[in-house]
Amino acid sequence: MRADQDRQAAHRWNVLNEIRKKRGSVTDKLLEYFRKNVGQEISGEELKYLAKDKKEWARRVRELRTEQGWPIVTKNSGRDDLAVGVYVLEEDRQAFEHDRSIPDSIRVAVLQRDSFKCVEPNCGWHRAMLSPDDPRKMLELHHIQHHRHRGENAIDNLVTLCNVHHDERHRNTRRAL
Ligand SMILES: [Zn+2]
Ligand SMILES: [Zn+2]
């Protein structure tokens, strides 16, 4: 077990250094490193090292989350179980375009209102139910009134859904249009 962990840590360190050496923007490097460590806890120190200490790294991580919709969670964005300064890319997928650009304060307020559970009747998925053979992996926020139809980032216009029911809502919406 211990040897396994050492091998994994060594591998991760190699990956970090390989990406660090590449040309390209800080954003590209951060995203590549996150996508090679889906579901793993990554420290701010690693990200700072990856960005060669450029101070912009924290802002770039925030942009990946809020503008590009990568589900990078932190303690301040609704994953209370994480330590301060830890980042996790929950799944290798981007949020639907209209569900991006939700400020963290609104995100947290919606999650709290919904008790960190999928609001779909008969679902109620929450993180403690995470299991390898269940396709439900994460909670996402969905605009009831779609952004492109002028739906707003108001708490009343947002609901918490697991990834499975979120996909389902979008399929149904497309059919209805
Ligand atoms: Zn949505
Ligand atoms: Zn659900």
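Our structure is the block above this text.
Structure report, in brief. (Residues numbered from 1 in each chain as written. Chains lettered and ligands numbered in written order. Predicted model: local features only at pLDDT ≥ 70, side-chain atom pairs only at ≥ 80, totals over all residues. Heavy atoms only, no water.)

## Considering the overall build of the chain
Argument step 1. When its secondary structure is counted, the chain shows six helices and five strands.
Argument step 2. Tracing the chain from N to C terminus, the helices and strands come up as α-α-β-α-α-β-β-α-β-β-α.
Argument step 3. Here the C-alpha coordinates of the chain stretch approximately 50 × 35 × 30 Å along the principal axes.
Argument step 4. By the burial criterion, 42% of the 177 residues in the chain qualify as buried.
Argument step 5. Contacts spanning at least 24 positions in sequence make up 60% of the contacts within the chain whose residues lie at least 6 apart.
Argument step 6. Approximately 10,500 Å² of the chain is accessible, and the part contributed by carbon and sulfur atoms is 47%.
Argument step 7. One way to put it: in the chain the 34 positive side-chain charges average out to a point 4 Å from where the 29 negative ones average out. (Helix = DSSP H or I, 4+ residues; strand = E, 2+ residues; numbered from the N terminus. Buried < 20%, exposed > 50% of the residue type's maximum accessible area, 1.4 Å probe, protein only. Contact = heavy atoms within 4.5 Å. Areas by Shrake-Rupley, 256 points an atom, 1.4 Å probe, with all protein chains shown as cover. Lys, Arg positive; Asp, Glu negative; His and termini not counted. Charge placed at Lys NZ, Arg CZ, Asp CG, Glu CD.)

## Description of the coordination of the zinc ion (ligand 2)
Where a metal carries four tetrahedral donors, each ideal angle is 109.5 degrees; where it carries six octahedral donors, the ideal angles are 90 or 180 degrees.
Argument step 1. Coordination of the zinc ion (ligand 2) by the protein comes from C118 (SG), C123 (SG), C162 (SG) and H165 (ND1), over a distance range of 2.0 to 2.3 Å.
Argument step 2. Bound by four donor atoms, the zinc ion (ligand 2) shows angles of 98 to 118° at the metal and therefore tetrahedral coordination geometry.
Argument step 3. Ordering the donors of the zinc ion (ligand 2) by residue number gives the pattern C-x4-C-x38-C-x2-H. Taken as a pair, C118 in the loop between helix 5 (104-113) and strand 4 (139-143) and H165 in helix 6 (residues 163-176) lie far apart in primary sequence, 47 residues in all. There is no split in this pair, since C118 and H165 are both buried. (Donors = N, O, S within 2.8 Å, 3.2 Å for Na, K, Ca; no water. Tetrahedral: all angles 85-135°; square planar, octahedral: opposite > 155°, others 65-115°.)

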